[in-house]
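So you can see what is in the structure, the chains are spelled out below.
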Amino acid sequence: MATQQWEYATIPLIIHATKAILDQWGADGWELVQVIQGPDQGLVAYLKRPKQS
């Protein structure tokens, strides 16, 4: 059985457009893993989705 492989993305979140940004990435198959505070005090989202073979 093959191990699931993933691809990852990090995206900055604009506070007034967070839902729209995440909805768009979600529609493209990305799953939100975590949101953290970035080095410039803004929010950064970490996403993953199954890697296409």
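Structure shown above.
Criteria and cut-off values
- Residues numbered from 1 in each chain as written.
- Predicted model: local features only at pLDDT ≥ 70, side-chain atom pairs only at ≥ 80, totals over all residues.
- Heavy atoms only, no water.
- Patch = residues over 30% accessible without salt bridge, like charges linked within 9 Å, V, L, I, M, F, W, Y side chains within 5 Å.
- Areas by Shrake-Rupley, 256 points an atom, 1.4 Å probe, with all protein chains shown as cover.
- Salt bridge = Lys/Arg side-chain N within 4 Å of Asp/Glu carboxyl O.
- Helix = DSSP H or I, 4+ residues; strand = E, 2+ residues; numbered from the N terminus.
- Phe/Tyr/Trp six-rings, centres within 6.5 Å; stacked < 30°, edge-to-face > 60°.
- Buried < 20%, exposed > 50% of the residue type's maximum accessible area, 1.4 Å probe, protein only.
- Lys NZ or Arg CZ within 6 Å of the ring centre and 35° of its normal.

Lay out a nonpolar patch on the surface in plain terms, naming residues and giving numbers.
Judged by side-chain polarity, Ile15, Leu32, Val35 and Leu43 come together as a nonpolar surface patch covering roughly 340 Å² of accessible area. Mapped onto the fold, leucine 43 is located in strand S3 (residues 43–50).

Kindly report on the environment of glutamate 31, identifying the contributing residues and their values.
Tracing the backbone shows glutamate 31 in strand S2 (residues 31–37). Along the primary structure glutamate 31 and alanine 17 are separated by 14 residues, whereas in three dimensions their C-alpha atoms are 17 Å apart.

Mind laying out the packing of aromatic side chains, listing which residues take part and the relevant values?
Under the definition given, this model contains one aromatic pair. Consider the rings of tryptophan 25 and tryptophan 30, whose centres lie 5.6 Å apart with planes at 65°: the pair is edge-to-face. A relative accessible area of 27% places tryptophan 25 in the partly exposed class. The exposure class of tryptophan 30 is buried, given its relative accessible area of 12%. The ring centre of tryptophan 6 lies 4.0 Å from the NZ or CZ of lysine 48, which sits over that ring.

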